[in-house]
Amino acid sequence: MKIDLERCNGCGLCVKDCPVAAISLQDKKAVIGPSCVECHTCFRVCPRGAALDEPVPVAGAKECTHCPVGCRIPEGLTGACGRYKNQGHELVRSRPLLTYAEVAAEVGPEPELLIERPSITAIGAGGTYPDYVPAPYIVSHERDGVEVVTVVTEAPLSYSGLKVKIDTDLEVGEEGAPITFEGRTVGMVETEEYGSKMLAIGGVNRLTGRHGFAAARAVAAIANREAVRLKVKGGAKLELQVGQPPVIDGQLVEKMRVGCGSASAGLFATFFLDAADEVIVLDQHITSLFSHHAAGRCLGLAPGGVELCFQRSTPGRYFGTHGKGWGGTDLADPLDIVKQVDTGLTKPGSTLLITETTGQNAAMYVLGEDGKFAPTELSDKAQQAVAALAETCQRSLVSAVYVGGAGGSARAGVARYPLRLTHAVHAAKAVLTCGGAKVFVLPGGGITFYVDVEKVRSGAFTWVPTPATVAPIEYTMRLSDYEEMGGHLEAVKPFAAQEPVPWNRCK
Ligand code: SF4
Ligand code: SF4
């Protein structure tokens, strides 16, 4: 890499982002030092185009091929990720491989098998109020000679909401855009995850805000796997039902992409090699250009003369745009991805296959004498490549996790010293389940949990007009641990008891 000192204004962005601290500012100009590994971070981050993609050969540098970055690591130094170093002209891993035993302390304790499952669920248990009143069912029974207690309640949780995952390439709206249900704001678009759009519905500020009832109803309906219609402000109309494919702006989404365009190039490289002289996988995340991509080059291809209009990330990988076109990009005509063709490298008569990562749309072209691509039929090998992509794609689905904050009043019906319950949950001495389903308890304070709503009996979630959503919550633990946290021992009944704990709340 080189710095064009005329263009550099000393902003220092490259100094901050350089992963190997190879750049410093001298007299308000960037200077690249000898630990540069040519990772191109400065080239991509410089707002003035002052970092030039001009390699400076270093004697003894080794090219790393363990990821698309392709660092050239000088002798004795480490690559951009810190995982590989050039040691005596050999690339070696810079950290030892750890066994499970070596990390077990950080992973933390697992609950004993005998307290992993509740004896009864809280579905249908009802609740108690106010908070000092014991939970409606506290049952005990013996497992492997140990007395185990399960405490259950259908808890109203104002700290609650949903993370909804929609498997689709299609644009649903800007991250942060509000989402309405029956015309009222109940959530927002969250950061996109791999191949899926994410929505956040509910949350305490919406539940206790102006549109709290609508938010509570939306959360309960989605969590119970009912069909709902949502609208993203400035974005798409969504028809969603957990466990079913999404419908976005009236379009049923059937296939979830196998990965980004770059992953597709790697996974289906041997198909692409025979499919055409050049293959482009159009994708809104990473679009790939096969002959420039590591997969194509490893299979012996020389980089061709097709140049793409997207911004390059690393060789053969380009950041896509977002829209309603091919592969979730804004390109309605896939050929618009081609910026220009160097006919010295890609000769007339050469073929080009452009496909989406799902294989739902694909087109074939042949380069004319005028240096322009014209449409042609997909060859048999191209059809095989596209079919391989398509058959690897999973069914597109809507899924959701319910997020519940049970660390507040919802603890009180369990024990007289609620913080001891919180500590027991985090120490795996008390196991929290939701409708019998395993949950993930978030680290840090309180008891905030995630549960896959498809693991909970449909209809188990409801709402109360405080407003709050209501979730079935069970705590299971050894009787001795229950006693220690100030559990309501007077309310413990044998497992066989089917009547709620009688309690005169006003005595
Ligand atoms: S990011 Fe560009 S302009 Fe800023 S210091 Fe680095 S080279 Fe100069
Ligand atoms: S694996 Fe690490 S060292 Fe190797 S090319 Fe990638 S970032 Fe560089």
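These remarks concern the structure in this document.

Parameters at a glance
Residues numbered from 1 in each chain as written. Chains lettered and ligands numbered in written order. Predicted model: local features only at pLDDT ≥ 70, side-chain atom pairs only at ≥ 80, totals over all residues. Heavy atoms only, no water. Salt bridge = Lys/Arg side-chain N within 4 Å of Asp/Glu carboxyl O. Helix = DSSP H or I, 4+ residues; strand = E, 2+ residues; numbered from the N terminus. Buried < 20%, exposed > 50% of the residue type's maximum accessible area, 1.4 Å probe, protein only. Near = heavy atom within 4 Å. Nonpolar A, V, L, I, M, F, W, Y, C, P; charged D, E, K, R; others polar. Pairing = 2+ DSSP bridges. Axes fitted to C-alpha atoms, helices over the stretch in contact; angles between N-to-C directions. Arc of directions from axis to C-beta. Contact = heavy atoms within 4.5 Å. Expected span 1.5 Å × (residues − 1). Phe/Tyr/Trp six-rings, centres within 6.5 Å; stacked < 30°, edge-to-face > 60°. Lys NZ or Arg CZ within 6 Å of the ring centre and 35° of its normal. Polar contact = N/O pair within 3.5 Å; in protein donor to acceptor, adjacent residues only side chain to side chain.

1. Description of the pattern of salt bridges
Under the criterion given, the structure shown has 14 salt bridges. Put simply, Glu54 and Lys2 hold a salt bridge, and the shortest N to O gap is 3.4 Å. With Glu54 in the loop between strand 4 (51–52) and strand 5 (62–63) and Lys2 in strand 1 (residues 2–3), the pair connects residues that are 52 residues apart, well separated along the chain. With relative accessibility at 35%, the residue Glu54 sits in the partly exposed group. Between Lys339 and Glu307 there is a salt bridge whose closest N-O contact spans 3.6 Å. You can see Lys339 sitting in strand 25 (residues 338–341) and its partner Glu307 sitting in strand 22 (residues 306–308), a full 32 residues away along the chain. For Glu307, a relative accessible area of 33% gives the class partly exposed. What emerges from the salt-bridge pattern is a single network uniting Glu182, Arg184 and Arg217.

2. Regarding the site of ligand 2
Near ligand 2 you find Cys64, His66, Cys67, Gly70, Cys71, Ile73, Gly79, Ala80, Cys81, Arg83 and Tyr84, and these make up its full shell. For the shell around ligand 2, the residue count by class is 7 nonpolar, 3 polar and 1 charged.

3. Side note on the sheet that holds strand 20 (residues 278–282)
In spatial order, the strands read 23-24-21-20-26-27-28; together these 7 strands make up an open sheet with mixed pairing. The sheet terminates laterally at strand 23 (311–314) and strand 28 (373–376), the two strands that pair on one side only. When strand polarity is set aside, the average angle formed by the axes of neighbouring strands in this sheet is 30°. Judged from the 2 bridges that link them, strand 20 and strand 21 (residues 286–289) form a sheet pairing that is antiparallel.

4. Digging into the site of ligand 1
Surrounding ligand 1, one finds Ile3, Cys8, Asn9, Gly10, Cys11, Gly12, Cys14, Ala30, Cys46, Pro47 and Ala50. Counted by class, the shell around ligand 1 contains 8 nonpolar, 3 polar and no charged residues.

5. Overview of helix 10 (residues 418–426)
Restricting attention to buried positions, one finds in helix 10 the residues Leu421, Thr422, Ala424 and Val425. Axial view of helix 10: buried residues confined to an arc of 165°, hence all on one face. Buried residues along helix 10 sit in contact with strand 31 (430–434), strand 33 (440–441) and strand 36 (468–478). Immediately beyond the C-terminal end of helix 10, within one or two residues, lies Ala428, with a positive phi of roughly 65°.

6. Observations regarding helix 9 (residues 380–392)
Along its 13 residues, helix 9 runs 18 Å from first to last C-alpha, staying within 8% of the 18 Å computed at 1.5 Å per residue. Within helix 9 the residues assigned to the buried category are Ala382, Ala385, Val386, Ala388, Leu389 and Ala390.

7. Some words on the pairing of strand 34 (residues 448–452)
Burial along strand 34 is one-sided: the residues Phe449 and Val451 are buried and none of Thr448, Tyr450 and Asp452 is. Of the pairings in the sheet, the one linking strand 30 (residues 398–405) to strand 34 comprises 5 bridges and is antiparallel in character. Considered in strand 34, the bridge of Gly405 is made with Thr448. Pairing of strand 33 with strand 34 involves 2 bridges; the strand directions are antiparallel. Looking at strand 34, one finds that Val441 is bridged to Phe449. Hairpin remark: strand 33 followed by strand 34, antiparallel, with 6 residues in the connecting loop; positive phi at Gly444, about 90°.

8. Re the packing of aromatic side chains
As enumerated under the stated definition, the model contains 5 aromatic pairs in all. Here Phe272 and Phe290 contribute two aromatic rings whose centre-to-centre distance is 5.6 Å and whose plane-to-plane angle is 90°, an arrangement assigned as edge-to-face. Of this pair, Phe272 sits in helix 7 (residues 269–275) while Phe290 sits in the loop between strand 21 and helix 8 (294–298), placing them 18 residues apart in sequence. An identical accessibility class is assigned to Phe272 and Phe290; each is buried. Taken together, a centroid distance of 6.1 Å and an interplanar angle of 45° make the contact between Tyr402 and Phe449 tilted. You can see Tyr402 sitting in strand 30 and its partner Phe449 sitting in strand 34, a full 47 residues away along the chain. For the pair Tyr402 and Phe449, a shared accessibility class is recorded, and that class is buried. Within the aromatic cluster, the residues linked to one another by ring pairs are Tyr402, Phe449 and Phe461. One cation-aromatic arrangement involves Arg420 over Tyr417; the distance from NZ or CZ to the ring centre is 3.9 Å.

9. Looking at the side chain of Ser291
Mapped onto the elements of the fold, Ser291 is located in the loop between strand 21 and helix 8. Reaching out from Ser291, the side chain makes a polar contact with the backbone nitrogen of Gly304 at a distance of 2.9 Å. If sequence neighbours within four positions are ignored, Ser291 has contacts with Glu278, Arg297, Leu301, Ala302, Pro303 and Gly304.

10. As for the sheet that holds strand 33
Backbone-to-backbone hydrogen bonds pair the strands of a sheet. The strands run either parallel or antiparallel. Taken together, the 11 strands give an open sheet; going across it, the order is 18-17-16-15-12-13-14-11-30-34-33, and neighbouring strands pair in antiparallel fashion. At either margin of the open sheet sits one strand with a lone partner, and together these are strand 18 (251–252) and strand 33.

11. Quick word on the environment of Asn224
By secondary structure assignment, the location of Asn224 is in the loop between helix 5 (212–223) and strand 15 (228–232). For Asn224, a relative accessible area of 8% gives the class buried. With 213 residues separating them in the primary sequence, Asn224 and Ala437 have C-alpha atoms 14 Å apart. Of note is the side chain of Asn224, whose polar atom sits 3.3 Å from the backbone nitrogen of Ala460.

12. Regarding the side chain of Asp167
Looking at the element boundaries, Asp167 is found in strand 11 (residues 160–167). Polar contacts involving the side chain of Asp167 include one to the side chain of Ser196, which spans 3.0 Å. Ignoring any residue separated from it by four or fewer positions in sequence, one finds Asp167 in contact with Gly195, Ser196, Pro246, Val253, Met256, Arg395, Ser396 and Leu397.

Interpretation note: all reported values are geometric properties and have no functional meaning in isolation.
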